[in-house]
Amino acid sequence: MFLQHRLCFYSSNHPKQSPTYNEVNILMIDRNFQKVLFDCQKYDYQKASFEILQEFCRLGIDITSSRHYKNPLYFSIPDLSGSNVKEHLDSVAKELSHPYMKLLESFGSPPELPKIWESSSGWTKYRGDKTYSVEAPLEDALIFDTEVLVKEGHVPTMAVALTSDGWYSWTSKRLSVYDDNCLNDINAFNSLIPIYGSKNKDISKCVIGHFVSYDRARILEEYLLDGTGLRFVDTLSLHVAVSGLTSTQRFLKTSADKHLFNNKTWQEFIGRKNDRQPLDRKPNTEALVMVVVDLDQRRGVGPDGLRVEEFENDYSFQSLILLRR
């Protein structure tokens, strides 16, 4: 179905059409094709102004000479699902996303959290007081998160999943079985997490995660040459689309853009402080001096005459200091 909306075929039976050129003598697309895409047909274009001709001449481009083109190619496309291209694309998007929207809408109240978690390798399902060893989650929509022991490598160590019918946990063989081959072969498929198992991989499945691209890289089916019906929903992207960056993210981005973390004075101050300041304490005056000097020196203002007391009661500035530390 997806390819039916994308494939275009050249039609040799289409009647030949005289070429149409725009203001700067560039060949335009077939006029019938223009009618399909933009719901209009335009054959005549005004001549380019003298200023435009001068600019092209300055660049060494001659747009006044005649050009010899073949007749414009015509591509037959499927009938639009709507009155214009936008409505057609909206219709196609709804059709392709429909099975995944149904999966998301099928999520009900989350089941009770297990009191005891199994440590056996592979997938374990928890439903009530019972546990089942399974090759992959049985449901087609799941909330998913992985954990990685980064000092050992990039393969997953454990994972957890939540569906409308129960909880799941996945544990790497390296946690339950000591095997030199398993430890060394960290890039093998058996170190990754299966989502389908032996199930038909064309079935639509939906995985929900926060910054889900990180978890997606640990899923076995993502490295198969043949495509699957697996799709992902990233709640981090949804949050940014609705609310933008959080205050912490915005501060870190601004600091990185201005290279504030490379300030020598700030680094020397941090080196002398071994303990972190609790959130409910009054901000340290010396810390305020370091940051204010950092910001002002970039504007060409020296620290001489700086009045620290002006900032001691500024709680927005206190938040800035605590984030910096």
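Everything discussed here concerns the structure shown above.
Here the structure is a predicted model, which means the values were calculated and not measured.

Give me the lowdown on the pairing of strand β7 (residues 167-171), citing residues and values where you can.
Among the five residues in β7, five count as buried, and that is most of the element. Of the two faces of β7, both are covered, the one formed by Trp167, Ser169 and Thr171 as well as the one formed by Tyr168 and Trp170. The antiparallel pairing of strand β6 (residues 158-162) with β7 creates a hairpin that spans four residues between the two strands.

Quick one: what's the story with the pattern of salt bridges, residue by residue and with numbers?
All chains considered together, the criterion is met by eight salt bridges. Of the charged contacts in the structure, one is a salt bridge between Glu139 and Lys125, with a shortest N-O distance of 3.1 Å. In this pair, Glu139 sits in the loop between β4 (130-134) and β5 (141-147) while Lys125 sits in strand β3 (residues 122-127), placing the two residues 14 residues apart along the sequence. Judged by its relative accessible area of 14%, Glu139 is buried.

Provide a residue-level description of the sheet that holds strand β8 (residues 205-209), including the pertinent values.
In space, the seven strands of this open sheet follow the order β4-β3-β7-β6-β5-β8-β9, with mixed pairing throughout. Edge positions in the sheet fall to β4 and β9 (230-234), since each of these pairs with one other strand and no more. On average, each strand axis in the sheet is inclined to that of its neighbour by 25°, with strand direction left out of account. Bridge analysis of β5 against β8 gives three bridges, and the strand direction is parallel. Note that in β8 the partner of Ala141 across the bridge is Cys206. Lying on the sheet, helix α3 (residues 85-105) is in contact with β5, β8 and β9; it crosses β8 at an angle near 60°. Lying over the sheet, helix α7 (residues 235-243) contacts β8 and β9, oriented at roughly 45° with respect to β9.

Got a sec to walk through a nonpolar patch on the surface? Specific residues and values, please.
Taken together, the side chains of Val150, Phe211 and Tyr214 define a hydrophobic patch exposed on the protein surface, amounting to about 290 Å² of accessible area. With respect to the helices and strands, the residue Val150 is situated in the loop between β5 and β6. Val150 sits in the exposed class, given a relative accessible area of 58%.

Before we move on, could you go through the environment of Val233 and cite the residues and values that matter?
Assignment of secondary structure puts Val233 in strand β9. Linking Val233 and Cys206, residues 27 residues apart in sequence, is a C-alpha distance of 7.3 Å. Setting aside chain neighbours within four positions, we find Val233 in contact with Leu104, Cys206, Val207, Ile208, Gly209, Val212 and Leu238.

So what's going on with the pairing of β8? Which residues, and what values?
With five of five residues buried, β8 is to be regarded as a mostly interior element. Of the two faces of β8, the one holding Lys205, Val207 and Gly209 and the one holding Cys206 and Ile208 are both buried throughout. Two strands pair when backbone bridges link them, and β8 and β9 are joined in this way by five bridges, in the parallel orientation. Following the sheet pairing, Lys205 is matched in β9 by Leu230.

Please provide a residue-by-residue account of the environment of Tyr168, values included.
Within the secondary structure, Tyr168 sits in strand β7. Residue Tyr168 is classed as buried on the basis of its relative accessible area, which comes to 0%. Sequence spacing of Tyr168 and Phe144 is 24 residues, and the spatial spacing of their C-alpha atoms is 9.3 Å. A polar atom in the side chain of Tyr168 sits 3.1 Å from the backbone nitrogen of Leu138.

Any chance you could break down the packing of aromatic side chains for me, citing the residues and the numbers?
On inspection of all chains with the given rule, the structure shows five aromatic pairs. Ring centres of Trp117 and Tyr126 lie 4.9 Å apart, and the angle between their planes is 65°; on these two criteria the pair is classed as edge-to-face. A residue is classified by how much of its surface remains accessible, and Trp117, at 37% relative accessible area, is partly exposed. Note on Tyr126: relative accessible area 4%, which makes it buried. Both rings, one in Phe211 and one in Tyr214, keep their centres 6.5 Å apart while their planes meet at 25°; by these two values the pair is stacked. An aromatic cluster of at least three residues, connected via ring pairs, comprises Trp117, Tyr126 and Trp167. The lysine or arginine in question, Lys205, covers the ring of Tyr196, its NZ or CZ lying 5.6 Å from the ring centre. One residue, Arg218, lies across the ring of Tyr214, its end atom 4.0 Å from the ring centre.

How would you summarise helix α1 (residues 31-38) if you had to cite specific residues and measurements?
Among the residues of α1, those classed as buried are Arg31, Phe33 and Gln34. Angular distribution of buried residues about the axis of α1 spans 150°; they occupy a single face of the element. Following α1 by one or two positions, Asp39 adopts a phi angle in the positive range, close to 60°.

Residues and numbers for α7, please.
Regarding α7, its N-cap is Asp234, as a side-chain oxygen of that residue lies 3.2 Å from the backbone nitrogen of Leu236 further along. Where α7 terminates, the next one or two residues include Gly244, which has phi positive at roughly 75°.

Cut-offs and rules
- Residues numbered from 1 in each chain as written.
- Predicted model: local features only at pLDDT ≥ 70, side-chain atom pairs only at ≥ 80, totals over all residues.
- Heavy atoms only, no water.
- Buried < 20%, exposed > 50% of the residue type's maximum accessible area, 1.4 Å probe, protein only.
- Helix = DSSP H or I, 4+ residues; strand = E, 2+ residues; numbered from the N terminus.
- Pairing = 2+ DSSP bridges.
- Salt bridge = Lys/Arg side-chain N within 4 Å of Asp/Glu carboxyl O.
- Axes fitted to C-alpha atoms, helices over the stretch in contact; angles between N-to-C directions.
- Contact = heavy atoms within 4.5 Å.
- Patch = residues over 30% accessible without salt bridge, like charges linked within 9 Å, V, L, I, M, F, W, Y side chains within 5 Å.
- Areas by Shrake-Rupley, 256 points an atom, 1.4 Å probe, with all protein chains shown as cover.
- Polar contact = N/O pair within 3.5 Å; in protein donor to acceptor, adjacent residues only side chain to side chain.
- Phe/Tyr/Trp six-rings, centres within 6.5 Å; stacked < 30°, edge-to-face > 60°.
- Lys NZ or Arg CZ within 6 Å of the ring centre and 35° of its normal.
- Arc of directions from axis to C-beta.

Shape is all these values report; function is a separate question.
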